[in-house]
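Listed below, chain by chain, are the residues.
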Amino acid sequence: MPKLSETFARKLPHARAGTDKYWDSEIKGLVLFVGKRSKTWYFQKDVGGQTKRILIGRFPTISAQAARQTALGFALEMGRGAGKAAQIGAPTLEAAMEVYLARPKLRSEVHKSGIRRQLELHLKDWIRLPLDEISKAMAVRRHQELAKMPSGANHVLRAFRSIYNHARRTYDLPECPTMAIEWYEEKPDGRIIDDLKAWRQTIDDLNNPIHRVFYEFLLFTGLRKTEVLTLQWSSIQEDHIHLPMTKNGRSFDLPILQLHHEILAPLRPFSRKWVFPSPKSVVGHITKPERLKYNPHMHRRTFATVAMEAGVLEEIVGRLLNHTPLSITGQRYTRPSLNALRPSMEVACKEILGRIEN
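The rules we used
- Residues numbered from 1 in each chain as written.
- Predicted model: local features only at pLDDT ≥ 70, side-chain atom pairs only at ≥ 80, totals over all residues.
- Heavy atoms only, no water.
- Core = buried A, V, L, I, M, F, W, Y, C linked by side-chain atoms within 4.5 Å.
- Buried < 20%, exposed > 50% of the residue type's maximum accessible area, 1.4 Å probe, protein only.
- Helix = DSSP H or I, 4+ residues; strand = E, 2+ residues; numbered from the N terminus.
- Contact = heavy atoms within 4.5 Å.
- Pairing = 2+ DSSP bridges.
- Phe/Tyr/Trp six-rings, centres within 6.5 Å; stacked < 30°, edge-to-face > 60°.
- Axes fitted to C-alpha atoms, helices over the stretch in contact; angles between N-to-C directions.
- Parallel < 35°, antiparallel > 145°, perpendicular 65-115°, else oblique.
- Left-handed = near helix turned anticlockwise from the far one by under 90°.
- Nonpolar A, V, L, I, M, F, W, Y, C, P; charged D, E, K, R; others polar.
- Expected span 1.5 Å × (residues − 1).
- Arc of directions from axis to C-beta.
- Salt bridge = Lys/Arg side-chain N within 4 Å of Asp/Glu carboxyl O.

**Structural notes on the nonpolar core**
Inference 1: One finds Phe217 and Phe276 to be the most contacted residues of the largest nonpolar core, which totals 49 residues.
Inference 2: Counting residues per element, this core draws most heavily on helix H8 (residues 209-221), at eight residues.
Inference 3: Those residues in contact with Phe276, other than ones at most four positions away along the chain, are Ile210, Val213, Phe214, Phe217, Val228, Leu231, Leu264, Leu267, His285 and Ile286.
Inference 4: Listed in part, the 27 residues of the second largest apolar core include Met138, Ala159, Ala167 and Cys176.

What follows is the structure, given as structure tokens:
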């Protein structure tokens, strides 16, 4: 019998017919069922003369490491007394996180990887603990330990809360331990670029032409930082930008003008794939543009503010920013076309240009 490692599980071919079963050589009871289309982890053991089989989850949604940790927990629980009914313990935070992140409705891959990085960084010592062993006192203490960045502390523990409450749907868990936390007050930044003429001078002084275009494109589109950093030429169409997946978990089309093509034109020779390439980056595109006193989100807020001050309706500004409408009508019924949104983009860009020149 092999050790059911991540590499071994990934390389296993799907069954031609029926289901192939692979038992782990180290953890008795851990088995991987391989069918025609899927691979599924189970824990199986005879208890009191009856075979108990417990579903752990699909591979690769549940990694080999997470499956092994979960199986060890089941083995310990069942080993407490032969003939007793199997009491299925709570999943580890890692296993619960992987199940939570596998939900198709959970935003973009960037958002998912962000949650995973945050938990692995700030809750590293919790990651292999069963959820029911994480106490209120632990949650409060960790929140206080992260107090140097109040919004970050809130964000980490709220991500944990979402994972925990998702696990409560299928496991008998007590109320989430974050109920004991006194959340820090978060004050929105709210800053915009007041002097666009000074901004223009700052941008022109940048040595890197890719960074210059990056900030200029942010201002004239209102896109999010990550959306621009990861932009590919294949997404740039003649009259719009198509983003296949965004932060809110859906695709997005933004109308663009000739002005936007002129902004991007200097970058065409640098890369056939990435709009903002970087030969030094592992991923192929820039990840940390030169820091300015005008941070990337200030550009997005400035685009929205200037558009509204120029007469664009708040709901239309929200559409250009890819915000989810608050009303049922906005969410389910109205789907304005690119041509309907284009005049508002023209108004916003014209106003921005006027403020830069004046």
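Additional details are given in the paragraphs that follow.
**A closer look at the pairing of strand E1 (residues 20-23)**
Inference 1: Bridging between E1 and strand E2 (residues 30-34) involves four bridges; their strand directions are antiparallel. By the bridge assignment for E2, Asp20 is matched with Val34.

**Concerning the packing of aromatic side chains**
Inference 1: Enumeration over the complete set of coordinates arrives at nine aromatic pairs.
Inference 2: Look at Phe214 and Tyr215: their rings are 5.0 Å apart centre to centre, the planes differ by 75 degrees, and that puts the pair in the edge-to-face class. Accessibility assignment for this pair places Phe214 and Tyr215 in one class, buried.
Inference 3: Plain terms: the ring middles of Phe217 and Phe276 are 6.4 Å apart, the flat faces sit at 50 degrees to each other, and that makes the pair tilted. Here Phe217 is found in helix H8, whereas its partner Phe276 is found in the loop between helix H10 (258-264) and helix H11 (296-309), with 59 residues between them in sequence.
Inference 4: Overall, Phe217 belongs to the buried group, its relative accessible area being 0%.

**Some thoughts on the packing of H8 against H11**
Helices that pack against each other are described as a pair by the angle of their axes relative to one another and the distance between those axes.
Inference 1: Where H8 meets H11, the closest approach of the two axes is 7 Å, and the angle between their N-to-C directions is 30 degrees. One way to sum up the angle between H8 and H11 is to call them roughly parallel. The handedness of the crossing between H8 and H11 is right-handed. Between H8 and H11, the residues in contact are Tyr215, Leu218, Leu219, Phe220 and Thr221 and Pro296, His299, Thr302 and Phe303, respectively.
Inference 2: Along the lines of polarity and charge, the residues of the contact of H8 with H11 split into six nonpolar, three polar and no charged.

**Details of the pairing of E2**
A regular strand places its side chains so that they alternate between the two faces of the sheet.
Inference 1: For E2, the tally of buried residues reaches five of five residues, placing the bulk of the element in the interior.
Inference 2: Burial along E2 is two-sided: the face carrying Leu30, Leu32 and Val34 and the face carrying Val31 and Phe33 are both buried.
Inference 3: Hairpin remark: E1 followed by E2, antiparallel, with six residues in the connecting loop; positive phi at Gly29, about 110 degrees.

**Topic: the packing of H8 against helix H14 (residues 338-357)**
Inference 1: Where H8 contacts H14, the axes come no closer than 9 Å and their chain directions differ by 125 degrees. Our classification of the angle between H8 and H14 gives oblique. Contacts between H8 and H14 pair Leu219, Phe220 and Thr221 from the former with Met345, Cys349, Ile352, Leu353 and Ile356 from the latter.
Inference 2: Residues of the contact of H8 with H14, tallied by class, amount to seven nonpolar, one polar and no charged.

**Comments concerning H11**
Inference 1: Here H11 is 14 residues long and its end C-alpha atoms lie 20 Å apart, about the 20 Å a rise of 1.5 Å per residue gives.
Inference 2: Most of H11 sits out of view: ten of its 14 residues are buried.
Inference 3: Lining the buried residues of H11 we find helix H7 (196-204), H8, helix H9 (225-229), helix H12 (314-320) and H14.
Inference 4: Positioned one or two residues after H11, Gly311 has a phi angle of 110 degrees, which is positive.

**Let's talk about helix H5 (residues 136-145)**
Inference 1: Every buried residue belonging to H5 is among Met138, Ala139, Arg142 and His143, and all of these are buried. Summarising the axial view, the buried residues of H5 lie within an arc of 130 degrees, below the 170-degree limit, and thus occupy one face. Those residues of H5 that are exposed and angled more than 90 degrees off the buried face are Gln144 and Glu145.
Inference 2: At its buried positions, H5 is contacted by helix H4 (109-122) and helix H6 (150-167).

**What about the pattern of salt bridges?**
Inference 1: Scanning the model with the defined rule gives twelve salt bridges in all.
Inference 2: Between Arg68 and Asp24 there is a salt bridge, with the nearest N and O atoms lying 2.6 Å from each other. Of the two residues, Arg68 is situated in helix H2 (residues 64-78) and Asp24 in the loop between E1 and E2; the sequence distance between them amounts to 44 residues. The pair formed by Arg68 and Asp24 is uniform in burial state, with each residue classed as buried.
Inference 3: Residue Glu98 pairs with Arg116 through a salt bridge whose shortest N-O separation is 3.0 Å. Remark: Arg116 occurs in helix H4 and Glu98 occurs in helix H3 (residues 93-101); sequence separation between them is 18 residues.
Inference 4: Connected via shared salt-bridge partners are Asp24, Glu26 and Arg68.

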